[in-house]
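# Geometric and topological summary
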Amino acid sequence: RNPDGEPSTWCYTTDPSVRWQYCNIPSCFESECYDGNGESYRGLRNVTQSGRACQRWDSQTPHPHSNTPDNVPSAGLEENFCRNPDGEQEPWCYTQDPNTRWERCAINPCVAPSPTTTVPDYFEQPTTCYFGDGATYRGQVSTTETGVTCQRWDSQTPHQHNMVASHPNSGLNENYCRNPDNADRPWCYTTNPNNRWQYCSIPDCYPGVCYTGDGASYRGTIAVTSSGRRCQRWDSQSPHGHDRTPQNYPQA
């Protein structure tokens, strides 16, 4: 896991002489990378490390900004693709989440200079599974994980809400499952008056095979480090005492 913002997934080891190591889990996005600080990156990635969709550079909604194609014409500010127009450490974008102004993108630095590759359509707006927290999911699943039919987003019955007005770029069409508000994964209001909302039963695009971003959302079962050492249980204090426990990091 990665409970504390390390560059990638890691664990305490069962070797008393080695406190912790990174794990040998591949990144889900190894096919595309950036050189240096990413100022020259011209790929098509448009999703942040947490799975949020990027705002278009020529748009001022939901976040007003000055990094526009007219103001920074040499920065390649096309569509809503990840870029680095202002000298940050890596490619980034403004997000379509009104509560999160910007985030770094889900792109790894290149080990050696190499051309970027085109990302398939299913990555930008997946329809059969979701990336990260599911903010970019645009599929047509419209029932909850318990089988209840979803309420239409443009309806106020049986549950009143303001999601459409407050999240205009979140794809709130029909009664399809979405994640407009930074929940853990796609959800919907239900047509059951006694149950306001539920998560939807949509698979993760990479269920434990690889990690996205810095690996904070990784929930796979690999328990061996990059050197082959077995991982110490997170609820154990032996051989290494620590505070990264399930109680202290319940969301990790």
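Description of the structure in this document. (Residues numbered from 1 in each chain as written. Predicted model: local features only at pLDDT ≥ 70, side-chain atom pairs only at ≥ 80, totals over all residues. Heavy atoms only, no water.)

Note that T190 resides in the loop between β7 (187-189) and β8 (197-199). For T190, a relative accessible area of 0% gives the class buried. Only 3.0 Å separates the side chain of T190 from the backbone nitrogen of N192, close enough to count as a polar contact. Residues in contact with T190, not counting those within four places in the same chain, are T144, V148, T149, C150, Q151, P158, H159, N195, R196, W197 and Q198. (Helix = DSSP H or I, 4+ residues; strand = E, 2+ residues; numbered from the N terminus. Buried < 20%, exposed > 50% of the residue type's maximum accessible area, 1.4 Å probe, protein only. Polar contact = N/O pair within 3.5 Å; in protein donor to acceptor, adjacent residues only side chain to side chain. Contact = heavy atoms within 4.5 Å.)

On to the state of the cysteines, then. Evaluated as defined, the whole model comprises five disulfides. Covalent S-S linkage joins C54 and C93, the inter-sulfur distance amounting to 2.1 Å. Disulfide C54-C93: torsion about the S-S bond near -75°, hence left-handed. Of this pair, C54 sits in the loop between β3 (33-34) and β4 (92-94) while C93 sits in strand β4, placing them 39 residues apart in sequence. For the pair C54 and C93, a shared accessibility class is recorded, and that class is buried. Each disulfide pairs two cysteine sulfurs, and for C82 the partner residue is C105, the sulfurs being separated by 2.1 Å. One disulfide, between C82 and C105, carries an S-S torsion of -95° and so falls in the left-handed class. Taken together, the residues span a long stretch of sequence, with C82 in the loop between β3 and β4 and C105 in the loop between β5 (102-104) and β6 (108-109) at a distance of 23 residues. Each member of the pair, C82 as well as C105, carries the same accessibility label: buried. Here C23 stays free of any disulfide, with the sulfur of C11 as its closest cysteine sulfur at 4.0 Å. (Disulfide = S-S within 2.5 Å.)

Moving on to the nonpolar core. Within soluble globular proteins, side chains that are nonpolar tend to cluster in buried spots. In terms of nonpolar packing, the biggest core is built from 14 residues, with W153, M163, C177, W187, C188, C200 and I202 touching the most fellow members. With three residues, β7 is the largest single contributor of residues to this core. Excluding anything up to four places from it in sequence, W187 contacts W153, M163, C177, R178, N179, P180, D181, W197, Q198, Y199 and C200. Counting 13 residues, the second largest nonpolar core, distinct from the first, contains Y41, W57, V72 and C105. (Core = buried A, V, L, I, M, F, W, Y, C linked by side-chain atoms within 4.5 Å.)

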